Amino acid sequence: MDNLRVLVVDDEPGIRFGVTRVLQSFRVRVPESDGDVGFSIAQAESGEEALTILAEGQVDILLLDHKLPGISGLEVLEKVASQDQDMLTVMITAYATIETAVTATKRGAYDFLAKPFTPEELKATTAKTARHLLLRREAKRLAEEKRQVRFQFISVLAHELKAPLAAVEGYLQLLRDRVVEPGSAKSDEVLGRSLLRIEGMRKLIGDILDLTRIESGQKKRELADVDVREIAARAVETAQPAARARQITIEVQGPERLPMRADPGEVEIIFNNLVSNAVKYNREGGRVEVGLSESDQAVVIRVADTGIGMSPEEVAQLFGEFVRIKNTKTRNVMGSGLGLSILKKLAALYDGTVQVQSTPDVGTTFTVTLKQT
Amino acid sequence: MTTPPTILVVDDNPDFLEQMQLQLEAAGFQTVAAESAQQARGLLPTTDFALAICDLMMEHSDSGFTLAHAIKRKDPAIPVIMVTAVASEAGVTIDASSKGEQAWAGADVILDKPVRFEQLKREISRLLKITL
């Protein structure tokens, strides 16, 4: 159970003890947090003492009397606000004038309690304040998490773009410095490798654009009646040249027509990702099976390959954000590490899931389930 | 004319490996290439080479170190040049001029990626005591 620390500042002992007695056994249900929240109470009889306690450690909720013998409640409030503490303040006022209320709010008070208050009023105000504080913290934590993911995303991208750039730069320098004779067979090879790296960068940039468009919601979704089978066939057609070059056969199985209400562009990206991956990570002479079916108001897409496969650890890794499995088997395969992120984001738009089953050196099967709307 | 010395080049980046080989061959060396520390270790018993150039981070972040130690065990006289992108990527600096760090790394020279080939050639000619 979470415990919030309350500091009650009042020169009247009756108020301090009353608040302590009521809040000690008080519990607040916070839906976003696991279970109840309780309170531990500290007391101060002057503003000076309050500031000493505040300086010492974490206080979550400050119940602050407006009228104190030494420095006033408003002065305490002002000092606290300047320290930017992760805390909410409730002002206790004997005569709630609008003027004090406005000043206190300006200085950062969250709420008011007018003296004399009943235990119920104290509980209600405390509960409201606690919920607000915990929600604010949760929002902050989520924002921070999002920032971290962004940061990770950018550094992965920077790295993935830097590597092919360095490769192309190196090859061009070899040609410029005549280390490789222009027009020789070696120079053809060097140019071929350079073009391959540039193609990889182009693919990566395309993936980034897809991903940011999906994420930002900028891309307007246009739902239409689509035939999933037809889109699958188109994706297979696109992957054919790469497949033929390595004697890989691609087969589509399932009903002749599979109607679905979906954005055709999104479904196309899903298929292109699945099929091109199944070809890329396949072995020479391997097979790709694209299976389409319908079950329980959902379209199920299964793409199985006979490729290099992944270990359970690698599968687990794969489901993190923006990763590329790096091992000796994938070294010559071009990939952005964004494919699965894109797949997951798109599947989520259809209330769907992405599942992976894999055995090293046997193959991998991706199963994407998209709900029919 | 004596046969040109053979250099073992180990890097898990195929482009870097290819470029290094082209450069070294143009400078008159023979090269043996390995795409991983594991592959290089397999080559050690049967391959004679005068010098090794290894990447630091391959299968593991310290693959280059362990490989350098294996090479020194085979023949302590074989110089090892370690190339690393650690400095530019992680902001970590390995001070190649400090004897202690070199001994720890098992390398005679540590060069930052991207490697300037002129500098690499200078180090090779110094370590092999030859003029290029």
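Parameters at a glance
- Residues numbered from 1 in each chain as written.
- Chains lettered and ligands numbered in written order.
- Predicted model: local features only at pLDDT ≥ 70, side-chain atom pairs only at ≥ 80, totals over all residues.
- Heavy atoms only, no water.
- Core = buried A, V, L, I, M, F, W, Y, C linked by side-chain atoms within 4.5 Å.
- Buried < 20%, exposed > 50% of the residue type's maximum accessible area, 1.4 Å probe, protein only.
- Helix = DSSP H or I, 4+ residues; strand = E, 2+ residues; numbered from the N terminus.
- Contact = heavy atoms within 4.5 Å.
- Axes fitted to C-alpha atoms, helices over the stretch in contact; angles between N-to-C directions.
- Left-handed = near helix turned anticlockwise from the far one by under 90°.
- Nonpolar A, V, L, I, M, F, W, Y, C, P; charged D, E, K, R; others polar.

### A look at the nonpolar core
All names here are of chain A.
Thinking step 1. Counting 48 residues, the largest nonpolar core has Ile-250, Phe-271, Val-290, Ile-301 and Val-368 as its most contacted members.
Thinking step 2. Ranked by residue count, the leading element in this core is helix H8 (residues 264-280), at eight residues.
Thinking step 3. Non-local contacts of Val-368, meaning those with residues more than four positions away in its chain, are made with Ile-270, Leu-274, Val-299, Val-300, Ile-301, Leu-343, Ala-347, Thr-353 and Val-354.
Thinking step 4. Val-37, Phe-39, Leu-63 and Ala-127 belong to the second largest nonpolar core, which has 24 residues in total.

### Describing the packing of helix H7 (residues 228-245) of chain A against H8(A)
Residues and elements named next belong to chain A.
Thinking step 1. At their nearest, the axes of H7 and H8 sit 9 Å apart, and the two run at 40° to each other. Pair H7 / H8 crosses with right-handed handedness. Contacts from Val-228, Ile-231, Ala-232, Arg-234, Ala-235, Val-236, Thr-238, Ala-239, Ala-242 and Ala-243 in H7 reach Pro-264, Val-267, Glu-268, Phe-271, Asn-272, Val-275 and Val-279 in H8.
Thinking step 2. Looking at the contact of H7 with H8 residue by residue, the class counts come to 13 nonpolar, two polar and two charged.

### Points about the side chain of Thr89(A)
All names here are of chain A.
Thinking step 1. Of note, Thr-89 is situated in strand S5 (residues 88-93).
Thinking step 2. For Thr-89, a relative accessible area of 3% gives the class buried.
Thinking step 3. Setting aside residues up to four positions removed in sequence, Thr-89 forms contacts with Leu-62, Leu-64, Leu-77, Ala-109, Tyr-110 and Asp-111.

Just geometry here; none of it tells us what the structure is for.
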